Amino acid sequence: MLSDTLTEGLSVYEIGAKVRSLRLRKKLGLVELGQHTGLSPALLSKIERGKLFPTLPTLLRIALVFGVGLEHFFAAKDDEEPVAVVRKAERRRFPDRPGASPVSYWFESLDFRAVDRKLNAYLAEFEPIEAEEVVPHAHPGVEFVYVLSGTLALVFGAEEQDLDAGDAAYFSSSRPHGYRRAGKERCTAIVISVP
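Residues numbered from 1 in each chain as written. Predicted model: local features only at pLDDT ≥ 70, side-chain atom pairs only at ≥ 80, totals over all residues. Heavy atoms only, no water.

**Student:** Help me get a handle on the sheet that holds strand E6 (residues 159-164), residues and values and all.
**Tutor:** Strand pairing within a sheet occurs via backbone hydrogen bonds; the two strands may be parallel or antiparallel. Ordered in space as E6-E5-E8, the three strands form an open sheet in which the pairing is antiparallel. Strands at the two margins of the open sheet, each flanked by one partner only, are E6 and strand E8 (178-182). Looking at each pair of strands side by side, their axes are set apart by 30° on average, direction ignored. (Pairing = 2+ DSSP bridges. Helix = DSSP H or I, 4+ residues; strand = E, 2+ residues; numbered from the N terminus. Axes fitted to C-alpha atoms, helices over the stretch in contact; angles between N-to-C directions.)

Right under this line is the structure:
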């Protein structure tokens, strides 16, 4: 139980409203957000309604889904920087799905410092897995992929398109899709999604 002083101090940041705003901008339901974070929809609902203040590890799980840093929840609008620089050493590497086996790809957020982003940009490194091991995913919006090195197999159901270094693809991300490395050469790409 938090004291009145702590409750009042945390209320100023409107953490729940910021979580809800991020979720609605991505057009995710509470159940979908729960699947991505491993948190229950009931817990997420309490956080959004300001009935419960999340711990920092819980808030970080939510932040990672939306590609924002913890500072997003504690920064006032006046603190927004006109330019958000992300240094290579600051980026963190995550698998395509928490606890995934096999891992289809690893990604690093390239724009996590930007506040109120209109797009999400990632550097992705793809693993060599079999086509039947690709786990398709879908989300509202569009996606753009630019292959930096190697050959990337872009999978849509039974259909597969090979993209070589320098190739790009733009598609509706509401259609189930997935990725895998084709060939033995290291495969990396810039992936941009726009909700």
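**Student:** Can you break down the sheet that holds strand E4 (residues 142-149) residue by residue, with the values?
**Tutor:** Here we have six strands laid out as an open sheet, ordered E1-E2-E3-E9-E4-E7, and antiparallel in their pairing. At either margin of the open sheet sits one strand with a lone partner, and together these are strand E1 (94-95) and strand E7 (168-172). Bridge count for strand E2 (residues 105-109) against strand E3 (residues 120-126) is five bridges, and the pairing is antiparallel. Within E3, the position partnered with Tyr105 by the bridge is Phe126.

**Student:** If you had to explain the pairing of E2 to someone new, which residues and values would you point to?
**Tutor:** The buried fraction of E2 amounts to four of the five residues, a majority that puts the element mostly inside the structure. As paired elements, E1 and E2 share two bridges and run antiparallel to each other. Paired with Phe94 across the strands is Phe107, a residue of E2. (Buried < 20%, exposed > 50% of the residue type's maximum accessible area, 1.4 Å probe, protein only.)

**Student:** Account for the packing of aromatic side chains, with residues named and values stated.
**Tutor:** Under the definition given, this model contains seven aromatic pairs. Summarising the aromatic geometry, the rings of Tyr13 and Phe74 are spaced 5.4 Å apart at their centres and angled 75° between planes, so their arrangement reads as edge-to-face. Taken together, the residues Tyr13 in the loop between helix H1 (4-11) and helix H2 (15-25) and Phe74 in helix H6 (residues 71-74) connect sequence positions 61 residues apart. On the accessibility criterion, Tyr13 (33% relative accessible area) is partly exposed. In this structure Phe74 comes out as partly exposed when scored by relative accessible area, which is 30%. Here Tyr105 and Phe126 contribute two aromatic rings whose centre-to-centre distance is 5.6 Å and whose plane-to-plane angle is 50°, an arrangement assigned as tilted. (Phe/Tyr/Trp six-rings, centres within 6.5 Å; stacked < 30°, edge-to-face > 60°.)

**Student:** Run through the packing of H2 against helix H5 (residues 56-66), naming residues and quoting values.
**Tutor:** Direction vectors running N to C along H2 and H5 enclose 30°, while the axes themselves pass 10 Å from each other. Judged on the interaxial angle alone, H5 and H2 are roughly parallel. Crossing of H2 over H5 shows left-handed handedness. Between H2, through Ile15, Val19, Leu22 and Arg23, and H5, the contact on the second element is made entirely by Leu59, Ile62 and Phe66. (Parallel < 35°, antiparallel > 145°, perpendicular 65-115°, else oblique. Left-handed = near helix turned anticlockwise from the far one by under 90°. Contact = heavy atoms within 4.5 Å.)

**Student:** How would you sum up the packing of helix H3 (residues 30-37) against helix H4 (residues 41-48)? Please name residues and give values.
**Tutor:** Between H3 and H4, the least distance of the axes is 8 Å, while the angle of their chain directions is 110°. Classified by the angle between their axes, H3 and H4 sit roughly perpendicular to one another. For the pair H3 and H4, contact is made by Leu30, Val31, Leu33, Gly34 and Thr37 and by Pro41, Leu44, Ser45 and Glu48, respectively. When the residues that make up the contact of H3 with H4 are grouped by side-chain class, the tally is five nonpolar, three polar and one charged. (Nonpolar A, V, L, I, M, F, W, Y, C, P; charged D, E, K, R; others polar.)

**Student:** I'd like a description of the side chain of Asn120, backed by residues and values.
**Tutor:** Its place among the elements puts Asn120 in strand E3. Taking relative accessible area as the criterion, Asn120 reaches 4% and is therefore assigned buried. Residues within four places of Asn120 in sequence aside, it is in contact with Lys26, Phe66, Asp111, Val191, Ile192, Ser193 and Pro195.

**Student:** Give me the pattern of salt bridges: which residues, what numbers.
**Tutor:** Summed over the entire model, instances satisfying the criterion amount to 10 salt bridges. When the shortest N-O distance is used, the salt bridge between Arg113 and Glu90 registers 3.2 Å. Placement of the pair is Arg113 in the loop between E2 and E3 and Glu90 in the loop between H6 and E1, with a sequence separation of 23 residues. We classify Arg113 as partly exposed; its relative accessible area is 33%. The salt bridge partner of Glu159 is Arg175, with a shortest N-O separation of 3.6 Å. (Salt bridge = Lys/Arg side-chain N within 4 Å of Asp/Glu carboxyl O.)

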